[in-house]
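Now for the letters of each chain:
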Amino acid sequence: MTYDRLVCANCAAPVSQGRCPVCRANRERLQQESPFAGLNPMALIALLVVLVAALTVIAKAA
Ligand SMILES: [Zn+2]
């Protein structure tokens, strides 16, 4: 994780130390981040629909 090097804009202490509410909020948000955090659920559903459609086309072509 890279958040332990972040410095809080509110208290100027490392965010990982959680000295102020802003730190704690940022720390929690960053800890919850996963490689898929950038994808919203609707994008995942759309991706799934496209995948199923592609498989259907492939199955019909075969
Ligand atoms: Zn802070």
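To be clear, the structure that these remarks concern was listed above.
All values reported here derive from a predicted model rather than from experimental measurement. (Residues numbered from 1 in each chain as written. Predicted model: local features only at pLDDT ≥ 70, side-chain atom pairs only at ≥ 80, totals over all residues. Heavy atoms only, no water.)

## Quick notes on the overall build of the protein
- Across its full length, the protein carries two helices and zero strands.
- At a minimum sequence separation of 6, the contacts of the protein that also span at least 24 residues come to 17%.
- For the protein, the exposed area adds up to about 5100 Å²; of that, 65% sits on carbon and sulfur atoms. (Helix = DSSP H or I, 4+ residues; strand = E, 2+ residues; numbered from the N terminus. Contact = heavy atoms within 4.5 Å. Areas by Shrake-Rupley, 256 points an atom, 1.4 Å probe, with all protein chains shown as cover.)

## What about the coordination of the zinc ion?
- Taken together, the protein ligands of the zinc ion are Cys8 (SG), Cys11 (SG), Cys20 (SG) and Cys23 (SG), with distances of 2.2 to 2.3 Å.
- Written as a sequence motif, the donor arrangement for the zinc ion is C-x2-C-x8-C-x2-C. Here Cys8 is found in the segment before helix 1 (21-32), whereas its partner Cys23 is found in helix 1, with 15 residues between them in sequence. Taken as a pair, Cys8 and Cys23 share a single burial class, namely buried. (Donors = N, O, S within 2.8 Å, 3.2 Å for Na, K, Ca; no water. Buried < 20%, exposed > 50% of the residue type's maximum accessible area, 1.4 Å probe, protein only.)

## Here's the deal with unusual backbone geometry
- Located in the positive-phi region is Ala12, a residue other than glycine, with phi close to 60 degrees.
- Examined against the element boundaries, Ala12 turns out to sit in the segment before helix 1.

## Structural notes on a nonpolar patch on the surface
- A cluster of nonpolar side chains, namely Leu48, Leu51, Val52, Leu55 and Ile58, defines an oily patch on the protein surface of about 510 Å² accessible area.
- The residue Leu48 is located in helix 2 (residues 41-61) in this model. (Patch = residues over 30% accessible without salt bridge, like charges linked within 9 Å, V, L, I, M, F, W, Y side chains within 5 Å. Salt bridge = Lys/Arg side-chain N within 4 Å of Asp/Glu carboxyl O.)

## Points about the environment of Val7
- Here Val7 is to be found in the segment before helix 1.
- Val7 gets classed as exposed once you look at its relative accessible area, which sits at 53%.
- Beyond its immediate sequence surroundings of up to four residues, Val7 is in contact with Ala12, Ala13, Pro14 and Val15.

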